[in-house]
Amino acid sequence: MAIRFDSFYAREFIKENDLKGLVPQVASAHEMLHAHAGLGNDFLGWLTLPTDYDKAEFARIKAAAAKIRQDSDVLVVIGIGGSYLGARAAIEFIKGQHYNALRGDAPEIYFAGNSISGAALHDIMALCKGKRVSVNIISKSGTTTEPAVAFRVLRSYLEQQYGEKEAASRIYCTTDRARGTLKQLADEKGYECFVIPDDVGGRFSVLTAVGLLPIAAAGIDIDRLMAGAAAAAEDYCDPDPAKNDCYAYAALRNAFYRKGKSVELLVSYEPRFTMMAEWFKQLFGESEGKDHKGLFPASVIFSTDLHSMGQFIQDGSRIMFETVVAFDHSDADITVEEEQQNGDGLNFLAGKPLSYINQKAFEGTVLAHTDGGVPNLVIHVEKPDEENLGRLIYFFEKACAISGYMLGVNPFDQPGVESYKKNMFALLGKPGYEAQKAELEKRLGQA
């Protein structure tokens, strides 16, 4: 298999009976998920999405991506949370962190609307000047503050540069099928629209138009991406964790949680995985962090962070376990050459590729950390290509759903996200929040 789960470095921390006791709970979670009988069952469209997606829209996505590559130097993707993390993660996973510099004939791709920073949006506007620009606005409602503000600015810029008619041909909306502020605006202006399915939540939406349009615009083969996800959907159907790597992972992370671990540290030895880790953190954090429950998802890139976080991981409080995503093969490499003077003392590495040295860094680290009392789970990925990315996305999505049901929470809602918004709206003077505004300002004045 292109993805393989290995629990060897966790065996000394988990007893056999610990896992045996979880097998019925995994089976129960599996039944709830596939029978659509659990909490949040209105948001299970992702479960069969790799095979049941809208083929006609998929073709339109590829056509729009081809048009963007042909007529645009820059694509600005506007969205927050699941509306941008999946696409950005996929592009960097396949193309690397320096995509914009090494993109070839594809457009530069920048992501806006994921903060309220004026400086950040100003920089993106500066990057657009003098270039042919298209925009993909991703929002179910069109009223979420961060992307709505960015879209207002960029829509005005496009209309000033091209006129309203030409600007409309450069704006692509990914939104609700039939309702909402953004859908209404798109219908009025004639923007091309793609659908955020009603039964797929934002953090599970990377394999919908939400992620697929920017990913395809980057020149990534989305047919292969979906084929990998479809293969994973078929592979991870057995309710027995002994026969299902995805469920084995879900069971073990729950076992560690019940033994007092409070943090799952996602690790990779490849910088191109950095944004995938950010996507992972939203997926699990927003899905499990409810009712004062859940593992806190954190991430590091080794060996980089061994020089900053390594000390805590090795010798700090024993609050965590690590899940390592390890690539078995690299798509590019460099070999260390021998130097006659050997001033840096590295001739013992001469003739060895960096991928081999990186592998030894992983092996040395996993032994050191487990010796220090930090369990390690390992997810082996054959290589960073589209099929394996599709497999990995589905692996984590399904493991997240099973984990959430085992934890006893609804993995598909996010009620806590609204709290900060209500306070922010009140402090900004949004109509209808006058009473809250006075109370909040009083509390702030006491700080």
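All of these numbers come straight from a predicted model, not from anything done at the bench.

Peer 1: Which parts of the structure should I look at to understand the overall build of the protein chain?
Peer 2: Assigned secondary structure in the protein chain consists of 18 helices and 10 strands. Taken against the 2.2 N^0.38 rule, which gives 22 Å for 447 residues, the C-alpha radius of gyration of the protein chain at 23 Å falls within 12% of a compact globule. Principal-axis analysis of the C-alpha atoms gives the protein chain an extent of 65 × 60 × 55 Å. Taking all 447 residues of the protein chain together, the buried fraction comes to 49%. Look at the contacts in the protein chain between residues 6 or more apart in sequence, and 78% of them connect residues 24 or more apart. Surface exposure of the protein chain reaches about 20300 Å², of which carbon and sulfur atoms provide 52%. Averaged over its 47 positive side-chain charges, the protein chain has a centre that lies 5 Å from the centre of its 60 negative ones.

Peer 1: Teacher, can you tell me more about the environment of Glu418 here?
Peer 2: The residue Glu418 is located in helix H17 (residues 418–428) in this model. Relative accessible area serves as the criterion here: at 37%, Glu418 is assigned to the partly exposed category. Expressed as a C-alpha distance, the spacing of Glu418 and Pro147, which sit 271 residues apart in the sequence, is 16 Å.

Peer 1: What should I look at first to understand the sheet that holds strand S8 (residues 296–301) in this one?
Peer 2: Each strand in a sheet pairs with its neighbour through backbone hydrogen bonds, running either in the same direction (parallel) or in the opposite one (antiparallel). Taken in spatial order, the five strands line up as S1-S10-S9-S7-S8 in an open sheet, and their pairing is mixed. Strand pairing shows two members of the sheet lacking a second neighbour, strand S1 (3–6) and S8, which therefore form its edges. Strand-to-strand, the axes of this sheet are offset by a mean angle of 20°, without reference to chain direction. Examined bridge by bridge, strand S7 (residues 263–268) and strand S9 (residues 320–327) share six bridges and lie parallel to one another. Following the sheet pairing, Val263 is matched in S9 by Met320. Helix H16 (residues 386–407) rests against S1, S7, S9 and strand S10 (376–381) of the sheet, and its axis sits at about 145° to S10.

Peer 1: Is there a simple way to think about the packing of aromatic side chains in this case?
Peer 2: Pairs of aromatic rings are described using the distance from one ring centre to the other and the angle between the two planes. What the rule picks out here adds up to 24 aromatic pairs. Ring geometry for Trp46 and Phe412: centres 6.3 Å apart, planes at 40°, overall tilted. One end of the pair, Trp46, is in the loop between helix H2 (23–34) and helix H3 (49–52); the other, Phe412, is in the loop between H16 and H17, and 366 residues separate them in sequence. For the residue pair Trp46 and Phe412, the accessibility class agrees, reading buried in each case. Aromatic pair Phe280 and Phe396: ring centres 5.2 Å apart, planes at 70°, arrangement edge-to-face. Of the two residues, Phe280 sits in helix H13 (residues 274–288) while Phe396 sits in helix H16, which places them 116 residues apart along the sequence. Across the pair, exposure class does not vary: Phe280 and Phe396 are buried alike. Over the ring of Phe151 we find Arg155; its NZ or CZ atom is 5.1 Å from the centre of that ring.

Peer 1: In this structure, what is going on with the environment of Tyr420? I would like to understand it.
Peer 2: By the secondary structure assignment, Tyr420 is in helix H17. Judged by relative accessible area, which is 40%, Tyr420 ranks as partly exposed. C-alpha separation for the pair Tyr420 and Val267, spaced 153 residues apart in sequence, amounts to 30 Å.

About the criteria used
Counting restarts for each chain, with residues numbered from 1 along the sequence as it is written. In view of the model being predicted, local features appear only for residues whose pLDDT reaches at least 70, and side-chain atom pairs are presented and counted only at 80 or more, with totals across whole chains, interfaces and linings using the full set of residues. The side-chain numbers reported here are obtained from all heavy atoms of the structure, hydrogens and water having been left aside. Here a strand is any run of E in DSSP of at least two residues, a helix any run of H or I of at least four, and the numbering for each starts at the N terminus. Radius of gyration here uses only the C-alpha atoms, and the compact-globule reference equals 2.2 Å multiplied by the residue count raised to the power 0.38. Remark: exposure states derive from per-residue accessible area (1.4 Å probe, protein chains only) relative to the maximum for the residue type, with buried under 20%, exposed over 50%, and partly exposed in between. Contacts were defined at the residue level, with two residues in contact if any of their heavy atoms lie within 4.5 Å. All accessible-area figures derive from a Shrake-Rupley calculation using a 1.4 Å probe, and residue coverage is judged against the displayed protein chains alone. For the purpose of counting charges, residues Lys and Arg are taken to be positive, whereas Asp and Glu are taken to be negative. His and the chain ends are not included. Note on charges: their place is set at NZ of Lys, CZ of Arg, CG of Asp or CD of Glu. Any two strands are treated as partners once DSSP identifies two or more bridges connecting them. Axis lines are fitted to C-alpha atoms, over the contacting stretch for helices. Their N-to-C directions set the angle, which ranges from 0 to 180 degrees. The rule is short: rings of Phe, Tyr and Trp, with Trp giving its six-membered ring, pair when the centres are within 6.5 Å, and they are stacked under 30 degrees, edge-to-face over 60, tilted in between. By definition here, charges over rings are those cases where NZ of Lys or CZ of Arg is within 6 Å of the ring centre and within 35 degrees of the ring normal.

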